[in-house]
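Chain and residue survey
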Amino acid sequence: MEPKSVFLPDILEGKVALLTGGGSGIGLCIATYFGRHGAKVVLMGRRKQVVDEAAKSLGTEGIQAIGVAGDVRKKEDCMNAVQKTVDEFGRLDILVNGAAGNFLSAAEDLSPNAFKTVMEIDALGTYTMSYAALHYLKKGGQGKQPQEGGVIINISATLHYSAQWYQLHVSAAKAAIDSMTRSLALEWGTDFGIRVNGIAPGPIKDTPGVEKLVVNMDGTVTRDIFLGDKSDIAQTALFFCSEGGKYINGATLPVDGGNWIKSTRYYSTEAVRTFSREYEKRRKAALAASS
Ligand code: HXC
């Protein structure tokens, strides 16, 4: 059974949230919790059908939601998603930067383009969406009271607190995101009344990320890792957006059951190294066959 929300049902009444990576996984769960607490939500993702269907399913719960197809690597898609949000719901209060790309690759197998791809989705995408949303998130922005500012939540990770096998690219991107969280909190918090915070999820059940955390190829999870629920991340996001979080700015909170403190290495070495190489060979062969 899904854990009960600890928040009053109307804390986001009248607010509008835009979530990248909102069509599935953690992003969709956050959107669901936001919607259940009164917000109208816009789900952005690369696949139109996925975001449209997710929005429709929220609609069956009585949540006002729309899907917008777009790739955070493209500035025009980011601007378009923000514009569609404001056209549909009249304002923008909360931006959740959740879009991310990930795969396992030993550093010596990682091409510069593979590194660039993940940096562009995770790090540059977080910046571009924030840039696109700034005008509306500012205090006194369209639909807001003069002192009413917005909130940005960046979805980070704990991989880069020490280091993680085969995650050089994602670790670099998430470190950049944490740095941006602080810089934007400083500048936009001070100048525009926008609070910018981050959440660093640990391994979460039923997400694509966690499938990559298995140690054994039979799918069993290493015994030292505690898995979280998507709702653990969603309730943290709600807290950041609520009045209870009004003094929090520039913080990135690990929500990971304490996994990172143990410096657990998620992946075994040789087995996963072989697996990820074989996986990439098969993926490239399939791509070549289909083109
Ligand atoms: C090695 C790979 C690879 C793989 C892609 N590349 N997949 N290299 N192993 N498995 C390389 C390609 O060879 C290419 O480099 C470059 O990356 C770009 O690949 P494309 O396929 O052209 O990119 P694109 O179609 O844009 O796909 C983006 C993607 C993809 C990130 C590569 O994997 C993706 O979108 N994945 C789904 C999203 C996802 O996994 N989300 C979960 C996020 S969870 P070359 O040099 O050949 O051109 C998360 C949590 C983090 O982030 C914490 C987890 C513990």
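In this report, the structure presented in the accompanying data block is examined. (Residues numbered from 1 in each chain as written. Predicted model: local features only at pLDDT ≥ 70, side-chain atom pairs only at ≥ 80, totals over all residues.)

1. Some remarks on the pairing of strand β2 (residues 40–45)
Across the six residues that make up β2, a large majority, six, are buried. Burial along β2 is two-sided: the residues Lys-40, Val-42 and Met-44 and Val-41, Leu-43 and Gly-45 are all buried. You can see the chain leave strand β1 (residues 16–20), run along helix α1 (residues 25–36) and come back into β2, and the turn it takes is right-handed. Two elements, β2 and strand β3 (residues 65–69), share five bridges in a ladder whose sense is parallel. Its bridge partner being in β3, Leu-43 is matched across the sheet by Gly-67. What joins β2 to β3 is helix α2 (residues 48–59), and the crossover it makes is right-handed. (Buried ≥ 20, exposed ≤ 12 C-beta atoms within 10 Å, placed from the backbone. Helix = DSSP H or I, 4+ residues; strand = E, 2+ residues; numbered from the N terminus. Right-handed = clockwise from strand over helix to strand, strands pointing away. Pairing = 2+ DSSP bridges.)

2. Concerning helix α3 (residues 75–89)
In this model α3 runs 21 Å from its N-terminal to its C-terminal C-alpha over 15 residues, within 8% of the 21 Å that 1.5 Å per residue would give. All of the buried residues in α3 are Asp-77, Cys-78, Ala-81, Val-82, Thr-85 and Phe-89. In an axial view of α3, the angular spread of the buried residues amounts to 135°, which keeps them on one side of the axis. Away from its buried face, by an angle of more than 90 degrees, α3 presents the exposed residues Glu-76 and Asp-87. Of the surrounding elements, those touching the buried residues of α3 are β1, β2, β3 and α4 (112–137). One or two residues past the end of α3 sits Gly-90, with phi positive at roughly 85°. (Expected span 1.5 Å × (residues − 1). Arc of directions from axis to C-beta. Contact = placed C-beta atoms within 7 Å.)

3. Things to note about α2
Residues that lie three or four places apart on an α-helix share one face, since the helix turns once every 3.6 residues. Over its twelve residues, α2 extends 16 Å from the first C-alpha to the last, a length consistent with the 16 Å expected when each residue adds 1.5 Å. Looking at α2, one finds that the buried residues are Val-51, Ala-54, Ala-55 and Leu-58. End-on view of α2: buried residues confined to an arc of 100°, all on one side of the axis. Counted as exposed and oriented over 90 degrees from the buried face of α2: Gln-49 and Lys-56. If you follow the buried residues of α2, they end up packed against α1, β2 and β3.

4. Side note on the packing of α1 against helix α7 (residues 230–241)
Interaxial distance between α1 and α7 falls to 8 Å at its minimum, and their mutual angle equals 50°. Classed by the angle they form, the pair α1 and α7 counts as oblique. Here α1 runs over α7; the crossing is right-handed. Counting all contacts with α1, which are made through Gly-25, Ile-26, Cys-29, Ile-30 and Tyr-33, the residues of α7 involved are Lys-230, Ser-231, Ile-233, Ala-234, Gln-235, Ala-237 and Leu-238. In terms of residue class, the contact of α1 with α7 is built from eight nonpolar, three polar and one charged. (Axes fitted to C-alpha atoms, helices over the stretch in contact; angles between N-to-C directions. Parallel < 35°, antiparallel > 145°, perpendicular 65-115°, else oblique. Left-handed = near helix turned anticlockwise from the far one by under 90°. Nonpolar A, V, L, I, M, F, W, Y, C, P; charged D, E, K, R; others polar.)

5. Focus on the environment of Ala-54
By the element assignment, Ala-54 lies in helix α2. Apart from the residues lying within four places of it in its own chain, the contact partners of Ala-54 are Gly-23, Ser-24, Leu-28, Leu-43 and Gly-67.

6. A look at the nonpolar core
Counting 67 residues, the largest nonpolar core has Ala-17, Leu-18, Ile-30, Ala-31, Val-41, Leu-43 and Ala-237 as its most contacted members. Considering every element that reaches this core, the biggest residue donor is α4, with eight residues. Among residues more than four places away in sequence, those in contact with Ala-237 are Ile-30, Val-96, Ile-153 and Ile-199. (Core = buried A, V, L, I, M, F, W, Y, C linked by C-beta atoms within 7 Å.)

7. As for unusual backbone geometry
In this structure, Tyr-166 is a non-glycine residue whose phi angle is positive, near 60°. If you trace the backbone, Tyr-166 turns up in the loop between β5 (151–155) and α5 (168–192). One non-glycine residue, Asp-206, lies in positive phi territory at about 60°. In this structure Asp-206 comes out as partly exposed when scored by C-beta crowding, with 13 C-beta atoms within 10 Å.

8. Here's the deal with the sheet that holds strand β6 (residues 195–201)
Overall, parallel pairing links the seven strands, which are arranged β3-β2-β1-β4-β5-β6-β7 in an open sheet. Each having just a single partner strand, β3 and β7 (252–255) make up the two edges of the open sheet. When the angles between neighbouring strand axes are averaged without regard to direction, this sheet yields 20°. Bridge count between strand β4 (residues 94–97) and β5: four bridges; the pairing is parallel. Bridge assignment links Val-96 to a residue of β5, and that residue is Ile-153. Seen against the sheet, α5 touches β5, β6 and β7 and runs at an angle of roughly 160° to β6.

9. Looking at the packing of α4 against α5
Each pair of packed helices gets described by two things: the angle between the helix axes and the distance between those axes. Taken N-terminus to C-terminus, the directions of α4 and α5 make an angle of 15°; their axes are 8 Å apart at the nearest point. As summarised for this structure, α4 and α5 are arranged roughly parallel, according to the angle between their axes. Between α4 and α5 lies a crossing of right-handed hand. From α4, Ala-114, Phe-115, Val-118, Met-119, Asp-122, Ala-123, Thr-126, Tyr-127 and Ser-130 reach across to α5, where they touch His-169, Val-170, Ala-172, Ala-173, Lys-174, Ala-176, Ile-177, Met-180 and Leu-184.

Nothing here speaks to function; it is all geometry.
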